[in-house]
Amino acid sequence: MTHPMHWLASLDDRLPKYRAIYKVIASAIASGQLRVGDKLPPRRVLAKKLSVTVDTVTRAFAELTRHHLVDSRVGDGTYVRERNEFAEVRPLVDLSQNHPGILYEDSLLAATLRDLARKPEDLVDLLNYQDDTGYVPHQRTLTKWLNARGVAVGPGQLAVTSGAQQALYLTLRALLKPGDSLLAEQYTYPILNTMAGQMRLQLLPLAIDEEGLIPSELEQVLKRHAEARVLYCQPSVHNPTTAILGEGRRREIAALARRHDLLVIENITQAMYMERQPVTLFELVPERAILIGSFSKLTSPGLRVGFVAAESRWGSRVAAWLRLSCWMPCLLSSAVVARWIESGEMAELLQAKNRDLEQRQRLARKHLKDFRYQTTPFSNHLWLNLPQPWDAQTLAAALYSERLVIKGAEAFTIGRTPVPRALRLSLGTPPTLKDLDRALKTMAAVFRTPPGGGEIRPQAAPDRLYPGLPGTEASGL
């Protein structure tokens, strides 16, 4: 079939190419040159005509879909859609943001605020200046919660922050200066890339496998980069891979920290669902480690209550940056979390979250049984292989046309690490189990219908989730 493309105009060279392509097609639709029901030429044909890459055309098509100008039908093509400003548009289901859904925290918060309002005299302390590391009674309560779950934080070691992101930023500011090197797992929390760029830090990637950070790889990099003195890592429920480091490796890393004068920033935010935490590096090597985390995963994203735990020589540096950035954390938020802990409501909420997560993981097993992924029962997300022959950009565009949003592996990859054929799929953000069931069913259907037609068979053998590391294929669950 030929595609005359009589409507195709020259590209505006002042714009990025994908935006220029979007502008040409959108203008043709607005002028009537392209009418409702017209099929756009295949992406490869259009890419060849315009001397651009297929990825560029795919990105332009994604913009057209986002503005409701076209519909992409899996295995069929892309068509100009009817413009009806009153037509109902299905809401996006965001599987890219990694946070739990709201169960009943709204009702719980309302009751807590009513309870606080009954005793206004108790609110005076929450309205006054307190220590820059937080209100001492709240610190004690948060410490008690962590201790009860195997996280050995001592009295006076914990500073309250506005979430784990602020905790990480303050810690990096306290320990590093522009030009310094920072060691991190080759796939990591995406915000770390942004922070490192803003602070002009040199990120050094460390190879990982299905268990997580490999101590021998860490030792080799330390020998090659004697200037590197700080490591950021997530030993428990790693983001994005969900790996949980075994105790043997934890002890090896602790020994390396002592031997090489290495400071470790340990993030346990993703592991807050665990009733009992594995032994932390902070416990194994307290003089060389700083622990960060957040209660937002247990409560809700809006309750920004995080923490930094450190011995005094490191804690005082973090406190100085905390004071400089916002003087002290929000006392009302930490008051709510502290009350939920003291009343036992936090423990009940954790159990409810884990029951909800178990059902969400069950739905993932149901719909994704033919595909390879790595996860853990304590994780709100999966690390999923891209089924052949999908690439991340084409798949993202196809899923967006089905009103699904995902985040590919590129966002988590640092340095020159090969980008794996994988994506992080968050299970907690769809508001209801019905929403998640529908989203996963749609996603599996898209996976099975590759671009260009045909059907994908169940994967008999996995691609490598960890490029360059032999024998590290993850098991599907």
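In this text the structure is predicted, and so the values were computed from the model without any measurement. (Residues numbered from 1 in each chain as written. Predicted model: local features only at pLDDT ≥ 70, side-chain atom pairs only at ≥ 80, totals over all residues. Heavy atoms only, no water.)

1. Quick notes on the sheet that holds strand β12 (residues 306–309)
Rule in force here: In this description, strands pair whenever DSSP reports at least two bridges between them. Helix numbering and strand numbering both begin at the N terminus, where a helix is a DSSP run of H or I of at least 4 residues and a strand a DSSP run of E of at least 2. Axis lines are fitted through C-alpha atoms, for helices just across the contact stretch, and the angle between N-to-C directions can take any value from 0 to 180 degrees. Throughout, a contact is declared for two residues whenever any of their heavy atoms are within 4.5 Å.
Pairing is mixed across the open sheet formed by seven strands, whose spatial order is β4-β12-β11-β10-β9-β5-β6. Across the chains shown, the open sheet's two edge strands, defined by having one partner strand only, are β4 (158–161) and β6 (202–206). Recorded for the sheet is a direction-independent mean angle of 20° between the axes of neighbouring strands. Bridging between β4 and β12 involves four bridges; their strand directions are antiparallel. Paired with Ala159 across the two strands is Val308, which belongs to β12. Helix α6 (residues 136–148) rests against β4 and β12 of the sheet, and its axis sits at about 105° to β4. Most of the contacts of helix α7 (residues 163–175) go to strand β11 (residues 289–294), to which it runs at about 155°, and overall it touches β4, β5 (181–185), β9 (230–233), β10 (263–267), β11 and β12.

2. Concerning the confidence of the model for the chain
Let me state the cut-off plainly: Along the chain, pLDDT gives the predictor's confidence residue by residue, from 0 to 100.
Per-residue pLDDT for the chain averages 87, and the proportion of residues at 70 or more is 91%. Within the model, the stretch residues 458–463 combines pLDDT values under 50 with 14 contacts to residues more than four positions away or in other chains. Across residues 468–477, where pLDDT falls below 50, the model places 25 contacts with residues more than four positions away in sequence or in other chains.

3. Some details on the pairing of β11
So the rule is basically this: Only protein chains enter the calculation, and the probe is 1.4 Å; a residue is then buried if its accessible area is under 20% of its type maximum, exposed if over 50%, and partly exposed in between.
Counting buried residues along β11, six of its six residues qualify, which places the element largely inside the surrounding structure. Of the two faces of β11, the one carrying Ala289, Leu291 and Gly293 and the one carrying Ile290, Ile292 and Ser294 are both buried. Summarising the sheet, β10 and β11 pair through four bridges and their orientation is parallel. Note that in β11 the partner of Val264 across the bridge is Ala289.

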